[in-house]
Amino acid sequence: MEKLKITKPATSAAGLKAVTNAMKVTTSKMGVGRAARGLTKLNQKGGVDCQSCAWPDPEKRSLGEFCESGAKALADEGTKKRITSEFFAQYSLEELREKDDFWLSDQGRLTEPMVLRNGTHYEPISWEAAFAIIADELNSLDSADEAVFYTSGRTSNEAAFLYQLFVRQFGTNNLPDCSNMCHESSGVALIDSIGLGKATVRLEDFNETDLVIVIGQNPGTNAPRMMSSLQDAKRNGAKMIAINPLPEAGLMGFVNPNPQQYKNPLEFPLAVLGNRPTKLADLHLPVRIGGDRALLKGMMKALLERERISPQTVFDTGFIEEFTDGYEELIASIEATAWDDIVSMSGIECEQIEQAAEMYASAERVISCWAMGITQHKDSVATIQDVVNLHLLRGNIGKPGAGLCPVRGHSNVQGDRTMGIMERPSEKFLDALEREFNFVAPRKHGYSTVEAIKAMSDGDVKVFFAMGGNLVSAAPDTNVVFDALRKCRLTVQVITKLNRTALATGKTSLILPCLGRSEIDRNADTPVRMSVASTRTIVDEEADKSVGAPQFVSTESTMLNVQSSEGVFEPPSKQLRSEPWIVCQLAKATLGGKCTVDWDAMAANYDNIRERIERVIPGFENYNERIRKPGGFYLNNPPRERVFNTATGKARFITQPLVQNVVGQGQLLLTTIRSHDQFNTTIYGFSDRYRGIEGGRHVIFMNADDIAEHGLAAGSVVDVTSHFDDGERHIYGFTVVPYDIPRGCAAAYFPEANPLVPLASYADRSLTPTSKSIVISIKAAV
């Protein structure tokens, strides 16, 4: 039972509380010694790459190169609690389904493979028998496209490359991933506009910029180490514009809790103990939900008006003429957009838009950062392309201190894409894969995440295999996703801890427990090969003797830095296996004599995987040599050099007309948000101190005038209904919290509000769920 307490929201992020919370959670879950060892290795060169966000690490690293969220992720993985077969004997499937997500995760680490066969309880199974079940089910399908292979952003480069290779040798491109639900819109937009679906900046650019625009992002909770970069920018004289419906603490101010980040020794105690934050946002624009594109159009219209008055003093005409196309079409679109529409759709007055435009025009170097607050709307692709348009007008790309920064969420979600985890691979990638491994790769596009859920629901997919993640809690339309998984003949979860998806079981369901990133990866103690004729295990005395030696993996940050990650803790169980090992054994069991890959060599020594990666994927030349250098290396980034590999060979101005969100009388637009006590679907606790919420998560944030208009009051308990073309969806028992949010807008936590998000409501072209723009109505609970 939640015991909700509402306090005053914070006005700045981090500070002493972040340090004490980090120490408290790690020492209580891991013990003092292990906590100290883990934290001092986290994000260090040659250490453990943080399990949470993908923000890059600085070249010069401090001893405490972690944030509160990273410490919680480390503690969550490094907990001393264990789930054994006795746990599953005690709790039936139905009993576990009644527990909340926090309780499920809090039970500890999974320690052995488990199977559910038409029963009420999971029970132990050997690895060999588990692979046999999967292989038999996969090989009995009428088509390889009846299987879906999902991936989370936790998976390393090495595991991801093997995984996509196995799936394509099996015969399908059904490789949906968590990126389909987050930054797919960024990839689609940026590839069209600049030829690269990734960031064009590096950390050092924040030291040279004049202006940072943070739009649709809450760095204080979702990428806390980013605030150090924002602080660096501010210390060097930069301004900052925050565009977000809520005035998040991480946008307003930052107290850096790391003493090594202060040049003057006296600054640290004054800032931390005296709670003297660095002011971040010089201008906060509380845009209406879904109004970001109108605001961007307004900024460009204001700039155009200035350019008309004083030609060639606002726009970078030299850059535009040499490096872009589509300029005339953009100008025509801006001229055709009325100020009245801009103001009504954005919720921001002309004067504030003019102020933002003035700040932008006065800055020679600008960085724009965004995340899910931009990518999860119906017009997300067009909005991101307007961010690009804004940059192109003044040449703010391909020069120091300027560029585009989509801030990726999970720690290797970008690397997984680079390795080939995608449902629509390029012909060039498939050609390279075929040449290297001598097989015919499937060319038919696979299912994205939304498409995969629909296919399972329609009975077109029989097997669901997840390499990490928690699809039920991450995806829209929770009840639809849960029921879709239950229609499968087989569901498989490769996970470290129990989650909601492991309870959405097919006719047969498997849990395959894997190593965490902070754990030493020695693979199996003895080399294993699978007999082609059967699925029995054979000890191979002649196999590579390097098996058993510690391995390391690699990841890619949001800014294209590829670096190593090597575990430091002994695994919580001798039965845990690494993700690369699991893929290799699965491939051998499933493909048998059809293999063109030496899976044993891959599992035995990850250098062998990296050797094959460098021959398939551009930018990874001399992978094994460069990945061993402290800090790793950067992948090629053509837009940084003003090389734009688009359809026209230039950066492209691409624009679409504004479209009004249709909201009925008495209805609101809802956005889902994370609390400060969670990362993605992992709930660490019930404290969201930045927003003043303690002890509960079933809340809905509303404007005080909207609360009064609905005849409600602070603390009222309401039921919420979403409205879409295909009907209504409901959640019940949410407490009303007055908050500084624009009229007509509301916010609620993810994943609790996910049942309101229609599966069929997604962004144009990217198919990203519209979790940040849901039409709702509310009424007092009975």
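Shown above is the structure to which this text applies.
Described in the following lines is the structure provided in the data block. (Residues numbered from 1 in each chain as written. Predicted model: local features only at pLDDT ≥ 70, side-chain atom pairs only at ≥ 80, totals over all residues. Heavy atoms only, no water.)

Some details on the overall build of the chain
Moving on, step 1. On a plain count of helices and strands, the chain comes out with 30 helices and 34 strands.
Moving on, step 2. If one aligns the C-alpha atoms of the chain with their principal axes, the spans along those axes are about 80 × 65 × 60 Å.
Moving on, step 3. Across the 782 residues of the chain, 64% fall into the buried class.
Moving on, step 4. For the chain, long-range pairs separated by at least 24 residues make up 78% of all intrachain contacts whose partners lie at least 6 apart in sequence.
Moving on, step 5. Carbon and sulfur atoms provide 50% of the accessible area of the chain, an area that totals close to 28000 Å².
Moving on, step 6. Across the chain, 84 positive and 97 negative side-chain charges occur, with their mean positions spaced 4 Å apart. (Helix = DSSP H or I, 4+ residues; strand = E, 2+ residues; numbered from the N terminus. Buried < 20%, exposed > 50% of the residue type's maximum accessible area, 1.4 Å probe, protein only. Contact = heavy atoms within 4.5 Å. Areas by Shrake-Rupley, 256 points an atom, 1.4 Å probe, with all protein chains shown as cover. Lys, Arg positive; Asp, Glu negative; His and termini not counted. Charge placed at Lys NZ, Arg CZ, Asp CG, Glu CD.)

Thoughts on empty space enclosed by the protein
Moving on, step 1. The full count for this structure, using the stated rule, is seven cavities of 30 Å³ or more.
Moving on, step 2. By volume, the second largest cavity is sized at about 240 Å³.
Moving on, step 3. For the lining of the second largest cavity, a count of residues per class yields five nonpolar, seven polar and six charged. (1 Å grid on protein atoms, 1.4 Å probe; cavity = no way out; pocket = protein on both sides within 12 Å on 5 of 7 lines; lining within 4 Å. Points joined across faces, edges and corners; volume = space filled by probe spheres on them. Nonpolar A, V, L, I, M, F, W, Y, C, P; charged D, E, K, R; others polar.)

Regarding the side chain of D521
Moving on, step 1. In this fold, D521 is placed in the loop between β18 (508–513) and β19 (528–530).
Moving on, step 2. For the buried D521, which has no salt bridge, the nearest side chain bearing the opposite charge is R522, at an N-O separation of 8.6 Å.
Moving on, step 3. Of note is the side chain of D521, whose polar atom sits 2.7 Å from the side chain of Y606.
Moving on, step 4. Residues within four places of D521 in sequence aside, it is in contact with L515, A549, P550, Q551, S578 and Y606. (Salt bridge = Lys/Arg side-chain N within 4 Å of Asp/Glu carboxyl O. Polar contact = N/O pair within 3.5 Å; in protein donor to acceptor, adjacent residues only side chain to side chain.)

Structural notes on the packing of aromatic side chains
Moving on, step 1. By the definition in use, this model includes 26 aromatic pairs.
Moving on, step 2. When the centroid spacing of 6.1 Å and the interplanar angle of 45° are considered together, the rings of F161 and F437 count as tilted. With F161 in helix α8 (residues 157–170) and F437 in helix α22 (residues 427–437), this pair connects stretches of sequence that are 276 residues apart.
Moving on, step 3. Overall, the relative accessible area of 0% leaves F161 in the buried class.
Moving on, step 4. Arranged with centres 5.9 Å apart and planes meeting at 90°, the rings of Y623 and F633 form a pair that is edge-to-face. With a gap of 10 residues between them, Y623 in helix α29 (residues 623–626) and F633 in strand β23 (residues 633–634) connect regions that are remote in the sequence. Neither residue differs from the other here; Y623 and F633 are each classed as buried.
Moving on, step 5. Following the ring pairs from residue to residue traces out a cluster consisting of F87, F88, Y91, W103 and Y122. (Phe/Tyr/Trp six-rings, centres within 6.5 Å; stacked < 30°, edge-to-face > 60°.)

Digging into the pattern of salt bridges
Moving on, step 1. Scanning all chains against the criterion turns up 54 salt bridges.
Moving on, step 2. What emerges from the salt-bridge pattern is a single network uniting D57, R61, E65 and R225.

Let's talk about the pairing of strand β30 (residues 699–702)
Moving on, step 1. Every second residue of β30 is oriented toward a common face, with V699 and F701 on one face and I700 and M702 on the other, all of them buried.
Moving on, step 2. One ladder, built from four bridges, connects β30 with strand β32 (residues 727–738); its direction is parallel. If you follow F701 over to β32, its bridge partner there is V737.
Moving on, step 3. Strand direction decides the pairing type here: β30 and strand β33 (residues 745–749), joined by three bridges, are antiparallel. From the neighbouring strand, F701 faces β33, where its bridge partner is A747. (Pairing = 2+ DSSP bridges.)

Description of the environment of M240
Moving on, step 1. By the element assignment, M240 lies in strand β9 (residues 239–243).
Moving on, step 2. It is 42 Å that separates the C-alpha atoms of M240 and K454, two residues lying 214 residues apart in sequence.
Moving on, step 3. What M240 contacts, discounting residues up to four positions off in sequence, is L211, V212, V214, L230, K234, L251, L280, A281, D282, L283 and M359.

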